Amino acid sequence: MLERCNMNVHPIRTEADYDTALDEVEELWGSKVGTPDGDRLDVLLVLIGDYESKHHPIDPPDPVDAIQFRMEQMNLTRKDLEPLIGPRGRVAEVLNRRRPLSLAMIRSLHQKLHIPLESLIANSALAANKRMQRTRQSVTHFAKRKMRATLPCR
């Protein structure tokens, strides 16, 4: 038969609850696994993690930051990126944020350097969306000009 202990824990709903839980985790830190304090610590960590993911989400890093971080980790130079991104000029444009990553670049960087896809597509999707909005605006503007040109003069 399982012995149950009353932990008296509740969901974290407010910043005050969150701060209280963090203070308690600090007190319980280092508690042994399988003890009442250790079990309480485990439950609090799950509750805190859930609250943080909903109220304090961390966005993935900018694709260029992710690439530069991996370059630093692996002691890579810009030249080492050429097989993955393209000629030297294209590598410079990407690293200077003048050119968004293409799908082929994203695939190569993910497969060869193991950079998480979430990091590589974050702002690339945003850039593609902005390009699409600019295209729509241009088409709308062109259509209005065309319509004005075909209207009879008054």
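Each remark here, short or long, concerns the structure printed above.
I will try to describe carefully the structure that is included in this document. (Residues numbered from 1 in each chain as written. Predicted model: local features only at pLDDT ≥ 70, side-chain atom pairs only at ≥ 80, totals over all residues. Heavy atoms only, no water.)

**Side note on helix H3 (residues 63–74)**
- For H3, which comprises 12 residues, the first-to-last C-alpha distance of 17 Å matches the rise-based estimate of 16 Å (1.5 Å per residue) to within 8%.
- Of all the positions in H3, only Pro63, Val64, Ala66, Ile67, Arg70 and Met71 are classed as buried. Taken around the axis of H3, the buried residues stretch over an arc of 160 degrees, which confines them to a single face.
- Once H3 finishes, Asn75 follows within two positions and takes phi at roughly 55 degrees, a positive value. (Helix = DSSP H or I, 4+ residues; strand = E, 2+ residues; numbered from the N terminus. Expected span 1.5 Å × (residues − 1). Buried < 20%, exposed > 50% of the residue type's maximum accessible area, 1.4 Å probe, protein only. Arc of directions from axis to C-beta.)

**Structural notes on the pattern of salt bridges**
- By the definition in use, this model includes 6 salt bridges.
- For Arg97, the salt bridge is made with Asp62, and the minimal N-O distance between the two is 2.7 Å. Of the two residues, Arg97 is situated in the loop between helix H5 (88–95) and helix H6 (103–113) and Asp62 in the loop between helix H2 (36–55) and H3; the sequence distance between them amounts to 35 residues.
- Given the relative accessible area of 18%, Asp62 is considered buried.
- Between Arg97 and Asp65 there is a salt bridge, with its nearest N and O atoms 2.8 Å apart. Here Arg97 is found in the loop between H5 and H6, whereas its partner Asp65 is found in helix H3, with 32 residues between them in sequence.
- Among the residues examined, Asp65 registers a relative accessible area of 38% and is labelled partly exposed.
- Counted as one network, the salt bridges with shared partners bring together Asp62, Asp65 and Arg97. (Salt bridge = Lys/Arg side-chain N within 4 Å of Asp/Glu carboxyl O.)

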